[in-house]
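# Fold and geometry: a report
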Amino acid sequence: MDGGEKLINFIKAIHYWFIIKTFFMKPICKKFFCSLLLFFFVDMIIHAQDDKKVRIIMIGAHPDDCDDDGGGTAALFAQMGYAVKFVSVTNGDAGHQLTGGAELARRRFAETQEAGKRLGVVYDVLDNHDGQLMPTLEIRLQIIKKIREWNADIVIAPRPNDYHPDHRYTGVLVQDAAYMVAVPDIAPETPALKKNPVFLYFQDHFKRPNPFRPDIAINITDVFEKKISALDAHESQMYEWLPWIGHYADKVPKDKTERIKWLAETRKQAITPEVKTALEKWYGKEKAGAIKNAEAFEICEYGTQPDDETIKKLFPMLGK
Ligand SMILES: [Zn+2]
């Protein structure tokens, strides 16, 4: 019996006790106890509703990866009152041309908290060095713990094919955590999940050994501005490091409003023909034609394998 079940049984016991007691009470006491009963009843319904809400965890290598690959979907979930957590597996302490180490990690942590606030998600950063990530048992256990603590129904991470070793190994680490999250003898200090969640991959453009397959495509047009606002919180990356390493630092506007406009233009992901087909499947041809921004995900073979009905339950925004 888990904590939730214990609470419900406790409430039920009080409920029955009150019903019996009210038969022997004065009218004023009856009123009071009836109100209390109603309160517990409403509370039980609210809890039951919360149990239906999907819990999502997105895991990226760096403290802006989840925002970039899944920020729109996260914003949609957050607007529905669902619990979304972003985890950065590294602290980002190598992502700048002028600073580094603890000072940069602190700056980037502050940026994640601001981005999380703008999206309505919780943002965790693991204290592993940027650019030096390895798929070790120690970090696999850190990830298992994060997925279990969040009681995740959906876990989203990069595929293990990518230009950046941190992205690649984050993909491997999360794949290695799939299945293990349900094994009680592994990391026993954090209770194992009762079922293996659905594991998904973020979209990428890498072709080898196989290209990304968009099984699920989400219309994020209505929350695209919110996604850009979250990316705008990562100033050290969007306006400093990425333009410097990408040799386009001279293109970054100085004015704050102009910068956001520029960011929206440069971070906008083109809808590929494959993603378009997936959008048509989930939204119908007519609606799909009007979608300007989308995020897509591929189902990983190592988690629970959802059918189309389950996908619709997990992503209630599909088709709307
Ligand atoms: Zn990254």
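Description of the structure in this document. (Residues numbered from 1 in each chain as written. Predicted model: local features only at pLDDT ≥ 70, side-chain atom pairs only at ≥ 80, totals over all residues. Heavy atoms only, no water.)

## Some details on the overall build of the chain
Looking only at helices and strands, the chain has 12 helices and 7 strands in total. Considering the chain as a whole, with its 320 residues, one finds that 47% of them fall into the buried category. In the chain, of all internal contacts separated by at least 6 residues, the share reaching a separation of at least 24 is 78%. (Helix = DSSP H or I, 4+ residues; strand = E, 2+ residues; numbered from the N terminus. Buried < 20%, exposed > 50% of the residue type's maximum accessible area, 1.4 Å probe, protein only. Contact = heavy atoms within 4.5 Å.)

## Topic: the environment of Lys276
Inspection of the secondary structure puts Lys276 in helix α10 (residues 273-283). A relative accessible area of 33% places Lys276 in the partly exposed class. In sequence terms Lys276 and Pro214 are 62 residues apart; their C-alpha atoms lie 9.3 Å from each other. Here Lys276 is in contact with Ile271, Ala288 and Gly289, once residues within four sequence places are set aside.

## Focus: helix α8 (residues 235-245)
Ser236, Gln237, Met238, Tyr239, Trp241 and Pro243 are the residues of α8 that are buried. For α8, the elements touching its buried residues are α4 (101-119), α7 (224-233) and α9 (256-267). Once α8 ends, the next one or two residues include His247, with phi positive near 60°.

## Let's talk about the sheet that holds strand β6 (residues 216-219)
The mixed open sheet is built from 7 strands, whose spatial order is β3-β2-β1-β4-β5-β7-β6. Both outer strands of the open sheet, β3 (122-125) and β6, are each paired with one neighbouring strand and no more. With strand direction ignored, the average angle separating the axes of adjacent strands in the sheet is 25°. As paired elements, β6 and strand β7 (residues 294-299) share 4 bridges and run antiparallel to each other. Considered in β7, the bridge of Ile218 is made with Glu295. α4 rests against β2 (83-88) and β3 of the sheet, and its axis sits at about 160° to β3. Set on the sheet, α10 makes contact with β6 and β7; between it and β6 the angle comes to about 75°. (Pairing = 2+ DSSP bridges. Axes fitted to C-alpha atoms, helices over the stretch in contact; angles between N-to-C directions.)

## Examining the coordination of the zinc ion
Taken together, His62 (ND1), Asp65 (OD), Asp65 (OD) and His167 (NE2) make up the full set of protein donors to the zinc ion, lying 2.1 to 2.5 Å away. Of note, the zinc ion draws all its donor residues from one chain, in the sequence arrangement H-x2-D-x101-H. With His62 in the loop between β1 (55-60) and α3 (65-79) and His167 in helix α6 (residues 165-177), this residue pair connects regions lying 105 residues apart in the sequence. Taken individually, His62 and His167 each receive the classification buried, so the pair is uniform in this respect. (Donors = N, O, S within 2.8 Å, 3.2 Å for Na, K, Ca; no water.)

## Let's talk about unusual backbone geometry
Note the cis peptide between Arg208 and Pro209, where omega equals 0°. Along the polypeptide, Pro209 turns up in the loop between β5 (198-202) and β6.

## Observations concerning the packing of aromatic side chains
In total, this model carries 9 aromatic pairs according to the counting rule given. Seen from their ring centres, Phe77 and Phe315 are 5.5 Å apart, and the 50° between their planes marks the pair as tilted. Of this pair, Phe77 sits in helix α3 while Phe315 sits in the segment after α12 (308-314), and the two are 238 residues apart along the sequence. Side by side, Phe77 and Phe315 carry an identical accessibility label, which is buried. (Phe/Tyr/Trp six-rings, centres within 6.5 Å; stacked < 30°, edge-to-face > 60°.)

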